[in-house]
Amino acid sequence: MLDAITAPAILMNLDYEVCAANEAYRRTFASDQPILGRHCYEVSHGYRVPCDQAGETCPLRGCLDSGQRQRILHIHNTPTGREHVDVELSPIRDEEGEIRYFVEIMHPVNQGDRHLDRQMVGYSPAYTQMLELLSRAAAGDISVLLLGESGTGKELAAQYLHSHSKRSANPFVTVECSGLTESLFESELFGHEKGAFTGATHRKPGLVEAARGGTLFLDEVGDIPLAMQIKLLRLIESGSYRPVGSVTPKQADFRLICATHRDIAAMVQAGSFRKDLYYRISPFPVLLPSLSERLEDIIPLATHMLEQLSHQRPLQFSDAACDWLISRDYPGNIRELRNLIERAILLCDGNTIEPLHLQPPGILQTPSTDQVIPAQEILPLANLESTYLSRVVERFRGDNSALAEKLGVSERTLYRKLRQLRENDQSGRSDSPF
Ligand SMILES: Nc1ncnc2c1ncn2[C@@H]1O[C@H](COP(=O)(O)OP(=O)(O)OP(=O)(O)O)[C@@H](O)[C@H]1O
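Residues numbered from 1 in each chain as written. Predicted model: local features only at pLDDT ≥ 70, side-chain atom pairs only at ≥ 80, totals over all residues.

1. With respect to the overall build of the protein chain
Phase 1 of the analysis: Each helix and strand counted, the protein chain has 18 helices and 16 strands in total.
Phase 2 of the analysis: Of the contacts made within the protein chain by residues no fewer than 6 positions apart, 63% connect residues no fewer than 24 positions apart. (Helix = DSSP H or I, 4+ residues; strand = E, 2+ residues; numbered from the N terminus. Contact = placed C-beta atoms within 7 Å.)

2. A closer look at the nonpolar core
Phase 1 of the analysis: With 64 residues, the main nonpolar core has L134, L146, L161, V208, L216, I257 and C258 as its most contacted residues.
Phase 2 of the analysis: With six residues, helix α4 (residues 125-139) is the largest single contributor of residues to this core.
Phase 3 of the analysis: Composition of this core by domain shows at least three residues from each of domain 1 (2-108) and domain 2 (116-287).
Phase 4 of the analysis: Each residue touching I257, except ones within four places of it in the same chain, is listed here: V144, L146, A158, L161, T215 and F217.
Phase 5 of the analysis: Listed in part, the 16 residues of the second largest apolar core include L301, L325, I334 and I353. (Core = buried A, V, L, I, M, F, W, Y, C linked by C-beta atoms within 7 Å. Buried ≥ 20, exposed ≤ 12 C-beta atoms within 10 Å, placed from the backbone. Domains from an automatic or database assignment.)

3. Notes on the pairing of strand β1 (residues 9-13)
Phase 1 of the analysis: When β1 meets strand β5 (residues 99-108), the two strands line up antiparallel, connected through five bridges. When the bridges of β5 are listed, M12 appears paired with F102.
Phase 2 of the analysis: Relative to strand β2 (residues 18-21), β1 runs antiparallel, the two sharing three bridges. When the bridges of β2 are listed, M12 appears paired with V18.
Phase 3 of the analysis: Counting the residues that bridge the hairpin from β1 to β2 gives four residues, and of these Y16 lies at a positive phi of roughly 70°. (Pairing = 2+ DSSP bridges.)

4. Quick look at unusual backbone geometry
Phase 1 of the analysis: One non-glycine residue, Y16, adopts positive backbone phi at about 70°.
Phase 2 of the analysis: Position of Y16 relative to the elements: it lies in the loop between β1 and β2.
Phase 3 of the analysis: With 19 C-beta atoms counted inside 10 Å, the residue Y16 sits in the partly exposed group.
Phase 4 of the analysis: Notably, Q312 is not glycine yet its phi reads approximately 70°, a positive angle.
Phase 5 of the analysis: Examined against the element boundaries, Q312 turns out to sit in the loop between α11 (298-309) and β15 (316-317).

This is the structure we're talking about:
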């Protein structure tokens, strides 16, 4: 019966032992190793204890507790390395209704297409949870709102959603919402007729038309000014639009994905984002974790990017470079990591990237103690504090709560000190020791 299932599948008993496996499972996960009678957690993950005791969610445990079918995204060992697998576990009951066995069907999750630059990498729990949400959302046509700090991979996640959806054979069209003026917004999105305005020498189809049958990705949706939000709302609500200069409405056909690094719920509270539009774009919000929440992904990501960016040069990181990469903060998240690596590749003449190749350009570097405190000079402590503060504030670019946490003071205290700093600046007094 298992062989009738085309995806990899196994039969397990209550003791987590594999009782049978189909051909697809052997081919995909087992290669030549024996599996019958072995524990699923050992074969799939190399654990010595069940997943729930290893800090992961165990579908078998969940199935026993709920009595229901379970679906979860897990990382499995495969002959070609670690892979995300969409696991579906169903109970098999005896005549008395007691659970006796489980059938586990596994669908390997391909994280992006074959292009290295569109492949998503990550193994941490925070990333895996996010990927599970994306996989579930991809199957439907629901609008998805991708939230997360700058550089966390929102655009890549949008491409993943599209390429795993039933619209994948049709276009994926990105609209950069920041910086679009009202008139540009309309003509870019809806297109225009010939002669609609001065300079409109021919008919131009808009991005909504270009996305027909596919996915429309509104990047930085939080930056759309209020006046234009109503136009977007009408498009989403009615599913139709009118090109500029036309009287005939056109029918739209796209799946909507939006992304923003802003706290859009707070913007709704503050009245700068329409509540009705917010509800329309956010039926399925997905939060992309920052790199600080997925530290174990830094080296796999860095290695992937090295392969992607080095154009076949046989480059590798030294152990010291790996330690350096892990111990750093990344306010710009994966994009910042990528920039560091791109630069290191250019600076490294040999085959091994060392910390010295990775050091970021001076402007973004946290000043070392030597730079802040000139060796020969004794300075008033207050001066030192303000000099240091003005430098680190630059680096944290407005994220005061993260900065306060790092400095070990409350946000209120930080705010007070920054206000003092500004007042000093404005009164023209220079506290800088340099
Ligand atoms: N999981 C991942 N695996 C590999 N590379 C990734 C991953 N996530 C992001 N990247 C890479 O990091 C960079 C930034 O990603 P992306 O542009 O998707 O971020 P973003 O959240 O949309 O940023 P912004 O909010 O600033 O527009 C890109 O080069 C992307 O390829």
